[in-house]
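# Structure at a glance
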Amino acid sequence: MMDIKSITKKDKVSLEGTGTINKTGSSFEKELLKTGLLGDAFSSFNNAADTLKEYYSSLEKRVAQLNRKLADKNVELEKSLIKTIQMERYQSNILKRLPSAVIVTDSFRAITAFNRRAEEITGFSCNEAIGKDVATIMSDKVFKSDSESQNLEGEFSYSNRNGEKFILMTSSSTLYD
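Sequence order as written defines residue numbering, which begins from 1 separately in each chain. Given that this is a predicted model, residues contribute local features only at a pLDDT of at least 70 and side-chain atom pairs are listed and counted only at 80 or more, while totals for whole chains, interfaces and linings are drawn from all residues. Side-chain numbers come from the whole structure's heavy atoms, not from hydrogens or water.

### Observations concerning the overall build of the protein chain
Along its length, the protein chain carries five helices and four strands. Numbered from the N terminus, helices here are DSSP runs of H or I no shorter than four residues, and strands are runs of E no shorter than two. In sequence order, the secondary structure elements of the protein chain are arranged as α-α-α-β-β-α-α-β-β. Think of it in three bands: with a 1.4 Å probe and only protein chains considered, a residue is buried below 20% of the maximum accessible area for its type, exposed above 50%, and partly exposed in between. Residue burial in the protein chain is summarised as follows: out of 177 residues, 18% are buried. The criterion used for residue contact is that any of the two residues' heavy atoms lie within 4.5 Å. Excluding contacts between residues fewer than 6 apart, the proportion of contacts in the protein chain whose partners are at least 24 apart in sequence is 30%. Reported accessibility uses the Shrake-Rupley method at a 1.4 Å probe radius. Residues are deemed covered only where the shown protein chains occlude them. Summed over all atoms, the accessible surface of the protein chain reaches about 13800 Å², with 54% contributed by carbon and sulfur.

### A few points about the pattern of salt bridges
Salt bridges are counted wherever a side-chain nitrogen of Lys or Arg sits within 4 Å of a carboxyl oxygen of Asp or Glu. The tally for this structure, following the rule as stated, stands at four salt bridges. The salt bridge involving Lys 73 is made with Glu 76; its shortest N-O contact spans 3.4 Å. With Lys 73 and Glu 76 both in helix α3 (residues 37-97), this residue pair falls three residues apart, about one helical turn. Among the residues examined, Glu 76 registers a relative accessible area of 48% and is labelled partly exposed.

### What to know about the nonpolar core
Among the buried residues, those of types Ala, Val, Leu, Ile, Met, Phe, Trp, Tyr and Cys that are joined through side-chain atoms within 4.5 Å form a nonpolar core. Within the largest apolar cluster, twelve residues are counted, these being Ile 103, Ile 111, Phe 114, Ala 118, Ile 121, Phe 124, Ala 129, Val 134, Ile 137, Met 138, Tyr 158 and Leu 168. Elements represented by at least two residues in this core include exactly β2 (111-114) and α4 (116-122). When residues no more than four places from it in sequence are discounted, the contact partners of Phe 124 are Phe 114, Glu 119, Lys 132, Thr 136, Ile 137 and Arg 161.

### Examining unusual backbone geometry
With a phi angle near 70°, Arg 109 is a residue other than glycine that sits in the positive phi range. Relative to the assigned elements, Arg 109 resides in the loop between β1 (103-105) and β2.

### Some words on a nonpolar patch on the surface
Nonpolar side chains collect at one region of the surface, where Met 87, Tyr 90, Ile 94 and Leu 98 lie side by side and expose about 390 Å² of accessible area between them. Positionally, Ile 94 belongs in helix α3. What makes Ile 94 partly exposed here is its relative accessible area of 41%. Patches in this entry comprise residues that are over 30% relatively accessible and not in a salt bridge; like charges within 9 Å are linked, as are nonpolar side chains (Val, Leu, Ile, Met, Phe, Trp, Tyr) within 5 Å.

### Considering the environment of Ser 139
Here Ser 139 is to be found in the loop between α5 (126-129) and β3 (152-159). The class for Ser 139 is partly exposed, based on a relative accessible area of 27%. Separated by 20 residues in the primary sequence, Ser 139 and Ser 159 place their C-alpha atoms 9.5 Å from one another.

### With respect to the confidence of the model for the protein chain
The pLDDT value tells you how sure the predictor is about a given residue, anywhere from 0 up to 100. Summing up the model confidence of the protein chain, the mean pLDDT is 80 and the portion of residues at 70 or higher is 72%. In the model of the protein chain, helix α1 (residues 9-18) stands out as the element of lowest mean pLDDT, 47, in contrast to α5, which has the highest, 94. Per-residue pLDDT stays below 50 along residues 9-21; that stretch engages in ten contacts with residues further than four places along the chain or on separate chains.

### With respect to the pairing of β2
Paired strands, in this sense, are two strands between which DSSP finds at least two bridges. Note that β1 and β2 share three bridges and pair antiparallel. Paired with Val 104 across the bridge in β2 is Ala 113. Where β1 folds back on β2, the antiparallel hairpin that results is connected by five residues, among which Arg 109 adopts a positive phi of roughly 70°.

### Some details on the environment of Glu 119
Along the chain, Glu 119 turns up in helix α4. Judged by relative accessible area, which is 26%, Glu 119 ranks as partly exposed. The spacing of Glu 119 and Asn 160 is 41 residues in sequence and 10.0 Å in space, taken between C-alpha atoms. If sequence neighbours within four positions are ignored, Glu 119 has contacts with Phe 114, Phe 124, Ser 125 and Cys 126.

### Details of the side chain of Thr 122
By secondary structure assignment, the location of Thr 122 is in helix α4. Under this definition, polar contacts are N or O atom pairs within 3.5 Å; protein pairs additionally need one hydrogen-donor-capable and one acceptor-capable atom, and for neighbouring residues in sequence, both atoms have to be side-chain atoms. Engagement of the side chain of Thr 122 in a polar contact is seen with the backbone nitrogen of Phe 124, the distance being 3.1 Å.

Next up, the structure:
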């Protein structure tokens, strides 16, 4: 970029020929050229542009650094997710293969886990049972509400959905995560 202060007469004539500086420019424009105010304005603009370039470069470096951190964290989270999924599968396989019926509920008494033996005893499939209130499948004698958070063991008579009668040996306890 040409500095206005350093324009020579030869440059001025050359620029006039390109239409960049007009011979018939206003006296204000001619005065600006004479006093160098326009040159100072360009100089200030260039300084500001350089400062912005430095800030932008610094910002780009920071964004690149944060992107690397984010990528590292994503890899870490992906590994953790894989471990969690593996652990859930492992626990699910254990639950499926237990010889005893296992029914797990949340704090609202909705069934969250229901193994194969529970399906055989109750006559409900796991898909039917998950999400239902436990009272729709088992007696309230077996599953106490949260306000009665106590362990309960005993024998109960139970009739499943197919009308089959069972004497169940039960153990119920409240677990907290």
